[in-house]
There are 8 protein chains.
Amino acid sequence: MHPENIKNLLQSVRDGALSIDDALQHLKQLPYQDLGCAQVDHHRELRQGMPEVIFGEGKTVEQILAIMTAMSAKGSSVLVTRLAQEKSRKILTVFPAACYHGEARCLTLEQKPPEQRGKGTILVISAGTSDIPVAAEALLTASFLGNTVEHVYDVGVAGLHRLLARGEQLAAASVIIVVAGMEGALPSVVGGLVDKPVIAVPTSVGYGASFGGIAALLGMLNSCAAGVTVVNIDNGFGAACAASLINRV
Amino acid sequence: MHPENIKNLLQSVRDGALSIDDALQHLKQLPYQDLGCAQVDHHRELRQGMPEVIFGEGKTVEQILAIMTAMSAKGSSVLVTRLAQEKSRKILTVFPAACYHGEARCLTLEQKPPEQRGKGTILVISAGTSDIPVAAEALLTASFLGNTVEHVYDVGVAGLHRLLARGEQLAAASVIIVVAGMEGALPSVVGGLVDKPVIAVPTSVGYGASFGGIAALLGMLNSCAAGVTVVNIDNGFGAACAASLINRV
Amino acid sequence: MHPENIKNLLQSVRDGALSIDDALQHLKQLPYQDLGCAQVDHHRELRQGMPEVIFGEGKTVEQILAIMTAMSAKGSSVLVTRLAQEKSRKILTVFPAACYHGEARCLTLEQKPPEQRGKGTILVISAGTSDIPVAAEALLTASFLGNTVEHVYDVGVAGLHRLLARGEQLAAASVIIVVAGMEGALPSVVGGLVDKPVIAVPTSVGYGASFGGIAALLGMLNSCAAGVTVVNIDNGFGAACAASLINRV
Amino acid sequence: MHPENIKNLLQSVRDGALSIDDALQHLKQLPYQDLGCAQVDHHRELRQGMPEVIFGEGKTVEQILAIMTAMSAKGSSVLVTRLAQEKSRKILTVFPAACYHGEARCLTLEQKPPEQRGKGTILVISAGTSDIPVAAEALLTASFLGNTVEHVYDVGVAGLHRLLARGEQLAAASVIIVVAGMEGALPSVVGGLVDKPVIAVPTSVGYGASFGGIAALLGMLNSCAAGVTVVNIDNGFGAACAASLINRV
Amino acid sequence: MHPENIKNLLQSVRDGALSIDDALQHLKQLPYQDLGCAQVDHHRELRQGMPEVIFGEGKTVEQILAIMTAMSAKGSSVLVTRLAQEKSRKILTVFPAACYHGEARCLTLEQKPPEQRGKGTILVISAGTSDIPVAAEALLTASFLGNTVEHVYDVGVAGLHRLLARGEQLAAASVIIVVAGMEGALPSVVGGLVDKPVIAVPTSVGYGASFGGIAALLGMLNSCAAGVTVVNIDNGFGAACAASLINRV
Amino acid sequence: MHPENIKNLLQSVRDGALSIDDALQHLKQLPYQDLGCAQVDHHRELRQGMPEVIFGEGKTVEQILAIMTAMSAKGSSVLVTRLAQEKSRKILTVFPAACYHGEARCLTLEQKPPEQRGKGTILVISAGTSDIPVAAEALLTASFLGNTVEHVYDVGVAGLHRLLARGEQLAAASVIIVVAGMEGALPSVVGGLVDKPVIAVPTSVGYGASFGGIAALLGMLNSCAAGVTVVNIDNGFGAACAASLINRV
Amino acid sequence: MHPENIKNLLQSVRDGALSIDDALQHLKQLPYQDLGCAQVDHHRELRQGMPEVIFGEGKTVEQILAIMTAMSAKGSSVLVTRLAQEKSRKILTVFPAACYHGEARCLTLEQKPPEQRGKGTILVISAGTSDIPVAAEALLTASFLGNTVEHVYDVGVAGLHRLLARGEQLAAASVIIVVAGMEGALPSVVGGLVDKPVIAVPTSVGYGASFGGIAALLGMLNSCAAGVTVVNIDNGFGAACAASLINRV
Amino acid sequence: MHPENIKNLLQSVRDGALSIDDALQHLKQLPYQDLGCAQVDHHRELRQGMPEVIFGEGKTVEQILAIMTAMSAKGSSVLVTRLAQEKSRKILTVFPAACYHGEARCLTLEQKPPEQRGKGTILVISAGTSDIPVAAEALLTASFLGNTVEHVYDVGVAGLHRLLARGEQLAAASVIIVVAGMEGALPSVVGGLVDKPVIAVPTSVGYGASFGGIAALLGMLNSCAAGVTVVNIDNGFGAACAASLINRV
């Protein structure tokens, strides 16, 4: 539940529009709401400045709908990540206002446009064209969390001039998310060029000894460019959350 | 070379205290200086806002001394990380003004007190007492890079009340570095309590199936607390660099 | 074969209702019964206090039916685990009294209600909603083996207050099974709060560097909370067996 | 701090032997005591029924002494595990009443004989002679935590008759800890023979493809004997803690 | 090409039934026959005492048919392993005399009954019912290579009495192949009971930390029963080849 | 863009056939062309002597078509690797002059026959019939890049005479690509026979402990034949690129 | 205890030289003798045809001496493997008739020359000079177990002619043990040349991606030469036990 | 044995300076010379154009001396790699003309200056100062094998300008060896800049998730720059052999 919603609730109490008992009932659900299959953490937005986000993988459509219903009833916008297209179809019939983003495999249900809370621009860079789905998840999440975003795709290290031509864009960003598969070398190169926090996202793009992204992950963890931090393989969402928190420091 | 040093050099040219040819000679070495065994990157401070730091492991004392001499001649403060005590002894005889920090296994040679460039406080938390060496490296580096630092040690998740008692200190920090070995669960718990960027540092503390820190590393990469980013095992230095860049956003 | 069945058999001999030769024939099959594809261990219930359970994966429907027939003919209740829904359909046509539990992917054929042999309550906790199938397997098995069971789902460490609110339920349990994927940190936190045996079940929930549950498994094996023991990834069944034996100590 | 100590303290307050302010001072340290390098968790004994134990690896002698001093000042008995003989020598000069157990690599400082809290006997079995150090750690810990203990060593599966000859001892135990390196098959065999909880401890005994205990660990996690739970490689201590909690169920 | 075929060919030359040129043509193809996609090694039967066997996985039906045609034209019996049922259908239309063995996933085309070359009996044991397909591949191969074979299925270590009851059968065998998944402990137990060569075959039966058979493989490689040798995961074929060579020593 | 194309463009300027502004427009796109989803590196042919090649996996048909259009518009021949047959069908409808090579899973669009730039012959050897798809990718790529190529298939080390019979062909080659799965021993044997550069390509052919090609990869990296270099698992394309560069030295 | 010793004991009873009570006392210890730290398996020689062998690693000198004393008191010859030279010195002072074999890191105490029980010759081949210690352990063990042995060292696959020149020696052997590190390709080549059982022993010789012998181990497990079986890394002892059992088939 | 030596030998026969019997004796040893512990491959120089090189690790000083004596007696120059300084001291007393290269950990015994057989220059690049030992091994080996060599050290990707400044040197080389630890990204960047064969050598420089060079190795195998081939971790020697063969194409 967004802090603004709580203020409104308290205002309603002061105005007499809401009985104290009813207000109490609402506030009792604040920390979390027990749906049986899930304990929806309405408190997270207050505590962490970010709403709870639904991890779509491994949940049934029924479970997702139950959580979405509970969240939207509290006025929270909703983001579902890692949601297969097939599942999204059933959800869209229940929440026609929701929007499915195929490239990013995410669904959003916006109750109101996201409040712009980030100071600067979050720039998302991808090494290859095949890395775009992960980059798109990062881009969508960062935008959903109230940040200005930009992106540059397909500027891998085997053709350095493509990256070097973007010097100004790199310099203008507040935080940079670098998405790369295969050997995952791009964050090291970017990290050596800028004085901004760089968040590296390894992807599972590659084959053979890429081992589903392990090669890229290890490359990024061992980056010789000091100041690069790393998130899980294909975790565009997590990178965007971190970038979002950094963008508010 | 620090931007201030360049300004001074240019001022000397304007003042006539330095010939143009001599200035040119200095500036030619700006991008990097070829020592044969090393290309000292004097340009890094300009480009990245952080001086080049010497990774002590795998370098001979002679190589370290050569690089330190080149850097200090340009007025740069010097930080050597992962330096065995034995090697430090020989270095201290050449640079008596340097200081060896045994717990952190680092050596510093400060030409002047670090300029305070960070906005807020960087808080370093360790899960256990055995994790302190890595935490100390992070603390020392963050301080060397011009940040206000604080620390809390031994607040692992098996005794949660020790962490929960530090709520205010957590809330007051600008960036939090969480150092943990074994199962590496502390960053997830901290990340769930605060709305600040959390940088997780896995340590090699543990035995058996900790596999030299892999367990902690994987735990942190899979953190269910969105917004946690990770650095290499035992890489207190890298966490501090990232925290330092974040602290300037 | 349940001890009670053997007593009855012996009673029938004393009563003259069963000839000695026929009784012998029954008892000869006691240690195990050779079905060709399987040696059904009717002796297990006597020796271990738990009936043999059929691991459904990798067995053909014909093999499962043969074993079920042999077991039910001896009066044993039957539990089949890791059984795909498709296979269960064919089995239900042969054993219409059996029941398929979709969430837990198990099939039960109860000859009589399970004898309550556990002293206290077995509590099953899951970190996330996606971990429920494994938790459900544990819950069903523990119940099948004659224990009182309770469950709490979706109380992962990124929202600690959800777990802390369950303090009394934790304290009242006799044994606690904690099911978690991703970083698998929940057992450490629970283990630090209670003075009861905690059995940790890593799940394959997660992606990328979760490596199909390895991250959670390693986290649990390295738990800083002394007294946590671990079973195989996704092995809700095994955790329930262990909890069941503990509940009878 | 042991519950008995708290009762005594409260009694002293009632009797007037202790001022309320002084009592308050003591109780304030109850949850934990901040030693800088460590937050000693005096509360653990109340919360978990087991005193905090000092993990000796990676701690300096000075740190261990500081924690021991704080704990013994509260009347707690002390157990230090994974302590190299060399470190123990210095500690014994400060705490001459302490005792170093070379085989188990543990040090104990008993303030009073351990209260017998376990109901039955904890039996520790080792597969080989080389596994004895880990078994000894389990044995010592279980005894320290107030249990009756027994042991049988060198009864690996390549000579089954040695194990089968111990049938009565197995049947009489309340909980069984099975310590094995190499292929780690002994827990499966034991687990198939008894109706008691079996805790498996893989050891790093072996070479080549034993990979420091991974082979044994995986063997135990995949045990076909339902009800076997597993702890970390070489973690005799953890197995004993779990067995101790089980022995009180 | 079988030695007998060569003798016949030479006899035909002596008898004048075959011209020297024609014989030469046949003998030129002896070492191998170039089919473009494959170099059929007709010489193997002479050199190794076993005909070349076709590994069906990753070969197209066309390639398999080409090799079968070349081999059968030389009078060799043919064994195709790891052949999907679907592929076998097309092959059976071309070679109606061939026989597909579904459980073992093998196809055989026998030109004449296999010559009995093994001295004793090869006994194939499986730990579980789910291991039967691999055991069946071993059984079929050993029989194809001219050995007397027996099998015992589902005698895993969690119910030792099932194995111990087979003492005479174990003692009577010449070579024993032990097939087991999960923790792969059965070969150690068998190896400790007999004085015969034991060949261990790990299977991919299991889940989670069985890692597709790695747990069983490592267990077998680390067997404490001296004299156990190991083949690749699921490699019933290879075990039978080795057993066959041993059976002729 | 091929150097020849640039010369022609400049010639057109000199001839007055192309205005300076139009030429400039073309040359501006030389370094790379921004398609949004991809930055096509037209400069690569100049810089590296090889055109950019499209990695088909993980790209949508739309993305591939966009890149092909951009490349072919510049007169470049196009090679798409790792392209599923299904995707190729849609591409062939847009580029009917293109050709799909099913065995190699590649698509080529040749604007003109490849210029013969290699000095000698590149010989591609495969250990088994199942390795042919990877060998075919290498063969096709080497030919596309302007080399004379030859191949020998199915000459694995278990039948050495098949390889030894090819002595002259080995000796005549300029560079040898050796493709092998399973234990990957063939490159060591070939490397010990010749005085030519040998490029080893591990394949994912095998099962069980081949771990998708890791066994072959490790075998090749540890080759006792000095001078063998290795590429990624199944990377016939990369081997051919390296061989092509070597063939021009 | 050797069968011959038992016969003698029984003969002494018949002759009246030994009282029945004393004989009973001896026979009671037959199955195993409890030394506290070890259960010496005197029964193994009867059951498996091979005396128990002492694995020296991880045992103290005191433990080894206790076991040797118990075994030699029963008239058994003793073999201790993996014994560091330092430990051997102390043992030789107690058992001056024992002999330490430095290259093989083994100690033998022969009570009488080993009975020749093997039918043919066991041939031990090593790929490199650095593999000799493991080969020597195999050679010594095979000889100790009563076999005729031969060896050929340093015939790795990078110089095939060295192996091919030994054709007759290969053909004359009954069983072949092939010891190889690095890529471990030699067993495949040998296995393709002979019609004898080949036991492959991977060694930890190598560096980097040999991963302590994993590369060689995987290579051997994936051998394309059917009939090769494998033992643990550096396990020359185990290979010799297996070869010895095979040599008696 | 160098081809020149054979010519001389034959000339001596023609001249009558050497008896036919003596010449025969020399030539009989040509294929290899049996030293018991080693089969020295004098034929390699003829067959592969490179003399056999002695891998010093795991060989005793006595073994190395025996091989050196055999090789130098044939007039071959000798290179010993991976030789610890300690061992080299003893060798130098026997072969005072030999030279130990501490940085490269190699020993050379040159009978005559190496014949210049390479066409162009082999350039060795290292990413960091700590990678120099491996680079030095490559440099020394390439020079020993008759190539012109150059080197550039410490030009890692975190300071790209240091590499870009070497454009001409890169362009002038015939083959480039790139040595890098940590994330191993340098070969990808170099490979994207040049049209020469690039051989990547991962080093074990790094810590934590570098896993002794695995991170760098995987990075290089997954290089997005087509045409990069890879050798084993720390294998400067192997890279130089490959580069040497390429330099003669």
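Structure's up top.
Everything in this summary refers to the structure shown in the same document. (Residues numbered from 1 in each chain as written. Chains lettered and ligands numbered in written order. Predicted model: local features only at pLDDT ≥ 70, side-chain atom pairs only at ≥ 80, totals over all residues. Heavy atoms only, no water.)

**As for the relation of the copies chain A and chain B**
With an RMSD of 0.1 Å, the fit of chain A onto chain B corresponds to turning through 180 degrees and sliding 0.0 Å along the axis. Both copies of the chain, as the preceding transformation shows, are related through a two-fold rotation axis. The position closest to the rotation axis in chain A is occupied by the C-alpha of Val-230 of chain A, lying 2.5 Å away. Comparing interface residues between copies, 100% of those in chain A also sit at the interface in chain B, which points to an isologous, same-surface contact. (Least-squares fit on C-alpha atoms with pLDDT ≥ 70 in both. Contact = heavy atoms within 4.5 Å.)

**Notes on the sheet that holds strand 3 (residues 54-55) of chain E**
Residue and element names in this part refer to chain E. Strand order across the open sheet formed by four strands is 3-4-6-5, with mixed pairing between neighbours. Looking along the sheet, the strands with just one partner apiece sit at the ends: strand 3 and strand 5 (99-101). Running at roughly 170 degrees to strand 5, helix 5 (residues 85-94) makes contact with strand 5 and strand 6 (106-109) of the sheet. In the packing of helix 6 (residues 132-144) onto the sheet, contacts are made with strand 4 (78-81), strand 5 and strand 6, and the angle to strand 4 comes to roughly 165 degrees. (Pairing = 2+ DSSP bridges. Helix = DSSP H or I, 4+ residues; strand = E, 2+ residues; numbered from the N terminus. Axes fitted to C-alpha atoms, helices over the stretch in contact; angles between N-to-C directions.)

**A word on the environment of Ala-180 of chain B**
All names here are of chain B. You can see Ala-180 is positioned in strand 9 (residues 175-180). Given the relative accessible area of 1%, Ala-180 is considered buried. Contacts of Ala-180, omitting those with residues within four sequence positions, involve Ala-127, Asp-131, Leu-186, Pro-187, Val-201, Pro-202, Thr-203, Ala-216 and Met-220. (Buried < 20%, exposed > 50% of the residue type's maximum accessible area, 1.4 Å probe, protein only.)

**Structural notes on the layout of surface pockets**
In this approach, a probe sized like a water molecule rolls over the atoms, and the result shows the empty space that is left. Each pocket or cavity is described by its volume, and for the largest pocket that value is around 1600 Å³. In terms of lining, the largest pocket is formed by 40 residues, of which the most central are Ile-214 of chain B, Ile-214 of chain C, Ile-214 of chain D, Ile-214 of chain E together with Ile-214 of chain G. Within the residue set of the lining of the largest pocket, elements represented by two or more residues are helix 10 (214-221) of chain A, helix 10 (214-221) of chain B, helix 10 (214-221) of chain C, helix 10 (214-221) of chain D, helix 10 (214-221) of chain E, helix 10 (214-221) of chain F, helix 10 (214-221) of chain G together with helix 10 (214-221) of chain H. (1 Å grid on protein atoms, 1.4 Å probe; cavity = no way out; pocket = protein on both sides within 12 Å on 5 of 7 lines; lining within 4 Å. Points joined across faces, edges and corners; volume = space filled by probe spheres on them.)

**A few points about the interface of chain F and chain A**
Opposite the 24 residues of chain F that make contact, chain A presents 18 residues. Summing both partners gives a buried area of about 1700 Å² for chain F against chain A, and 52% of it is carried by carbon and sulfur. Summed over the shared surface of chain F and chain A, the result is zero salt bridges. Counting residues per element, the ones that place at least two in the side of chain F that touches chain A are helix 3 (44-48) and helix 10 of chain F. When the residues that make up the side of chain F that touches chain A are grouped by side-chain class, the tally is eight nonpolar, seven polar and nine charged. (Buried area = accessible area lost by both parts, 1.4 Å probe. Salt bridge = Lys/Arg side-chain N within 4 Å of Asp/Glu carboxyl O. Nonpolar A, V, L, I, M, F, W, Y, C, P; charged D, E, K, R; others polar.)

**A word on the packing of aromatic side chains**
Applying the stated rule across the entire model yields eight aromatic pairs over all chains. On the basis of an interplanar angle of 25 degrees and a centroid distance of 5.9 Å, the ring pair of Phe-55 of chain A and Tyr-207 of chain C is categorised as stacked. Residue Phe-55 of chain A is found in strand 3 (residues 54-55), and its partner Tyr-207 of chain C is found in the loop between strand 10 (198-202) and helix 10; the two belong to separate chains. The pair formed by Phe-55 of chain A and Tyr-207 of chain C is uniform in burial state, with each residue classed as buried. Here the guanidinium or amino end of Arg-82 of chain D rests over the ring plane of Tyr-207 of chain B, the centre of that ring lying 3.5 Å away. (Phe/Tyr/Trp six-rings, centres within 6.5 Å; stacked < 30°, edge-to-face > 60°. Lys NZ or Arg CZ within 6 Å of the ring centre and 35° of its normal.)

**Points about the pairing of strand 10 (residues 198-202) of chain H**
All names here are of chain H. Among the five residues of strand 10, five are classified as buried, and the element is accordingly described as predominantly covered. Both faces of strand 10 are covered, namely the face carrying Val-198, Ala-200 and Pro-202 and the face carrying Ile-199 and Val-201. Here strand 9 (residues 175-180) runs beside strand 10; their pairing, made up of five bridges, is parallel. Paired with Val-179 across the bridge in strand 10 is Val-201. Pairing between strand 10 and strand 11 (residues 228-230): three bridges, direction parallel.

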